[in-house]
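Single-letter residue listing:
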Amino acid sequence: MALRADEIVNVLKEKIADFEARVEVAETGSIVRIGDGVADVYGLERCVFSELVEFANGVLGMALHLGEDVTGCVIFGPYADLREGDIVRRTGRVASVPAGDVLLGRVVNPVGEPADGGGPVRTDRRRPVDRTAPGIIARRAVNVPLQTGIKAIDSMIPIGRGQRELILGDRQTGKTALAVDTILNQRGQDVICIYVAIGQKASSVAQIVRVLRERGALDFTIVVSATASDPAPLLYLAPFAGTAMGEEFMERGRDVLVVYDDLTRHAAAYREMALLLRRPPGREAFPGDIFYLHSRLLERAAALAPEAGGGTLTALPIVETLQGDLSAYIPTNVISITDGQIYLDPDLFYAGVRPAVNVGLSVSRVGGKAQKPAMRKVAGHLRLDLAQYRELAAFTQFGAELDAATRARLARGERVTEMLKQGQYRPMPLEEQVLAIFAAVHGYLDDLPVNRVRDFEHRFLEYMRTNHPEVGAAVRETGDLPDDLAAKLRESLEAFKDGWDVRGGK
């Protein structure tokens, strides 16, 4: 088929008329030094702090050090094929992550890419990973409890929604187990949970995800995973990414719980990057702004005023100590930033007291104001009594002769300690905690053998669920324990205990 000249001319005219010149201007620089996941780039004069840059192999990085001549960038992926002289391009945007309901039930890495094989995360909502914390005017008082389901914490070291409560202790003392139990207890509480794994083994993260899925908690949980095999920049970014995802829900009026597991590894990753960026080292070789790093992160936890959205973001940072040394650099830093700490004592842990909460070194500077009235009534003196029992127990190791009052206090403390023990992945609702602690502090366990205390507690709660469900329902619905309800609880305890004695404790 022959083409006519006028047809060719018309087609060319149409193409020329529709032609739109697209010019893309991008500031570029070149690598002058690269190694260990850090690159010094010359030529990015207008680059801003935490701006994303793109390397020649398509991998993204972030500007963390703005020097006079060169810009220090950390690399978020493989860098073995990058060489000195390679082009680096500014992207004009700061590091951000996807946000919204689409992330619930997913496992993602610190840049928001899926790590669970569940397909891409499809959302138009993105949030910067680093931003200024809410100001004083945008906040309100912390006055709503965050129930952990753990008797020793809800009774003596309560946590409020919007609080920052540090969990610290030596390795293998139950820090992660305590945080996971808290997440499990939020089922039905309308709380969004975000678990940030920093430098954990991939197998450990997979185990936690499996537990959350099996127990129905993954549906309201986001897992941000930066495993031990990931480069230091991803470990540095992980807690900021998890907080940004939580702020999306907080500003929509939702309640959010974020667990950082753990900030010790986060600090080590930041130290590694700072040394590679040739920043001057300070105490324990950490850079001078390590305190600012964690305060900038944890100050973003807040209870917002209604006009600012009305939501809350509760932070549970975890810090690992070495041989119980609370005076080390990172533990003292984070203790001074947070609103209290829960110290897990290795001696208690190995003695079989689990959770191994040391009530003498643990404190909540806010949560008492948010504690339910029922719990406040039954556990008002529990913390002080238990601390005194621990001191007495240590003193009696010297073989001193004891009077009757001291022996009675030791017997009470021993049984209360036994009652506060709790198995892993077994959070307890508020009303059952109140019933169990009421029985312990009012002396109903004093004449029982210590090894029968937990059996007594289990059977008593079962008895109350079966024969007097209205007592637990009233505590659950009102959060209070008025005198008439307390009298009814005493009657139920005495009736049950009579039957217990008759049956020989069976």
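Residues numbered from 1 in each chain as written. Predicted model: local features only at pLDDT ≥ 70, side-chain atom pairs only at ≥ 80, totals over all residues. Heavy atoms only, no water.

### Examining the sheet that holds strand 5 (residues 70-75)
Note: strands within a sheet are paired through backbone hydrogen bonds, in either parallel or antiparallel orientation. Taking strand neighbours around the barrel as the criterion, the six strands line up as 1-2-5-4-3-6 in a closed arrangement whose pairing is antiparallel. The sheet shows a mean angle of 45 degrees between the axes of neighbouring strands, taken without regard to direction. Judged from the five bridges that link them, strand 4 (residues 60-66) and strand 5 form a sheet pairing that is antiparallel. Looking at strand 5, one finds that H65 is bridged to G72. (Pairing = 2+ DSSP bridges. Helix = DSSP H or I, 4+ residues; strand = E, 2+ residues; numbered from the N terminus. Axes fitted to C-alpha atoms, helices over the stretch in contact; angles between N-to-C directions.)

### Considerations on a positive patch on the surface
A cluster of basic residues, R187, R215, R426 and R454, forms a positive patch on the protein surface. By the secondary structure assignment, R426 is in the loop between helix 12 (404-420) and helix 13 (430-441). Judged by its relative accessible area of 60%, R426 is exposed. (Patch = residues over 30% accessible without salt bridge, like charges linked within 9 Å, V, L, I, M, F, W, Y side chains within 5 Å. Areas by Shrake-Rupley, 256 points an atom, 1.4 Å probe, with all protein chains shown as cover. Salt bridge = Lys/Arg side-chain N within 4 Å of Asp/Glu carboxyl O. Lys, Arg positive; Asp, Glu negative; His and termini not counted. Charge placed at Lys NZ, Arg CZ, Asp CG, Glu CD. Buried < 20%, exposed > 50% of the residue type's maximum accessible area, 1.4 Å probe, protein only.)

### Digging into the packing of helix 14 (residues 453-467) against helix 15 (residues 469-478)
One can describe the packing of helix 14 onto helix 15 by two numbers: an axis separation of 5 Å at closest approach and a directional angle of 95 degrees. Between helix 14 and helix 15, the crossing angle belongs to the class labelled roughly perpendicular. Residue-level contacts link M464, R465, T466 and N467 of helix 14 to P469, E470 and V471 of helix 15. Looking at side-chain class alone, the contact of helix 14 with helix 15 contains three nonpolar, two polar and two charged residues. (Parallel < 35°, antiparallel > 145°, perpendicular 65-115°, else oblique. Contact = heavy atoms within 4.5 Å. Nonpolar A, V, L, I, M, F, W, Y, C, P; charged D, E, K, R; others polar.)

### Here we look at helix 12
When the terminal C-alpha atoms of helix 12 are compared, their 24 Å separation across 17 residues agrees well with the 24 Å that a helix rising 1.5 Å per residue should span. Every buried residue of helix 12 is listed here: T406, L410, G413, R415, V416, T417, E418, M419 and L420. For helix 12, the elements touching its buried residues are helix 2 (151-156), helix 11 (382-395), helix 13 and helix 14. Its side-chain oxygen 3.2 Å from the backbone nitrogen of A405, D403 forms the N-cap of helix 12. (Expected span 1.5 Å × (residues − 1). Polar contact = N/O pair within 3.5 Å; in protein donor to acceptor, adjacent residues only side chain to side chain.)

### Some details on the pairing of strand 3 (residues 51-54)
Note on strand geometry: in a regular strand, side chains alternate between the two faces of the sheet. As paired strands, strand 3 and strand 6 (residues 87-94) are joined by three bridges and run antiparallel to one another. Directly across from V53, in strand 6, lies its bridge partner R90. Sheet analysis places strand 3 next to strand 4, joined by three bridges and oriented antiparallel. Counterpart to E54 in the pairing with strand 4 is L60. The turn joining strand 3 and strand 4, which pair antiparallel and follow one another in sequence, is formed by five residues; a positive phi near 90 degrees is taken by G58.

### Let's talk about unusual backbone geometry
Here D261 and D262 are connected by a cis peptide whose omega angle stands at 0 degrees. Here D262 shows up in the loop between strand 13 (255-261) and helix 6 (263-276). The residue after R354, namely P355, is reached through a cis peptide bond having omega 5 degrees. Looking at the secondary structure, you find P355 in the loop between helix 9 (346-350) and strand 17 (363-364). Of note in this structure, R278 is not a glycine but carries a positive phi near 65 degrees. For R278, the location among the structural elements is in the loop between helix 6 and helix 7 (290-298). In this structure R278 comes out as exposed when scored by relative accessible area, which is 61%. Unusually for a residue other than glycine, A285 sits at a positive phi of about 70 degrees. The residue A285 is located in the loop between helix 6 and helix 7 in this model.

### What about the environment of R140?
Tracing the backbone shows R140 in the loop between strand 9 (126-128) and helix 2. A relative accessible area of 29% places R140 in the partly exposed class. Each C-alpha atom, one on R140 and one on G58, is 44 Å from the other, the two residues being 82 residues apart in sequence. Setting aside its immediate chain neighbours within four residues, R140 contacts A303, L304, A305, P306, G310, G311 and T312. Among the polar contacts made by the side chain of R140, one reaches the main-chain carbonyl oxygen of G310 at a distance of 3.3 Å.

### Some points on the pattern of salt bridges
Opposite charge on two side chains allows them to pair when their charged atoms are near. One pass over the full model with this rule turns up 33 salt bridges. A salt bridge links D262 to R265; the shortest N-O distance between them is 2.8 Å. Relative accessible area serves as the criterion here: at 31%, R265 is assigned to the partly exposed category. Notably, a salt bridge pairs R476 with E431, separated by 3.0 Å at the nearest N-O pair.

### Considerations on the nonpolar core
Counting residues in hydrophobic clusters, the biggest one holds 72 residues, and the most contacted among them are I183, L212, M419, F460 and L481. In terms of residues, this core owes the most to one element, helix 13, which gives eight residues. Among residues more than four places away in sequence, those in contact with I183 are C193, Y195, L212, A217, F220, T221, L257 and V259. Judged by nonpolar contacts, the second largest core, of 59 residues, contains L52, M62, V121 and F240. (Core = buried A, V, L, I, M, F, W, Y, C linked by side-chain atoms within 4.5 Å.)

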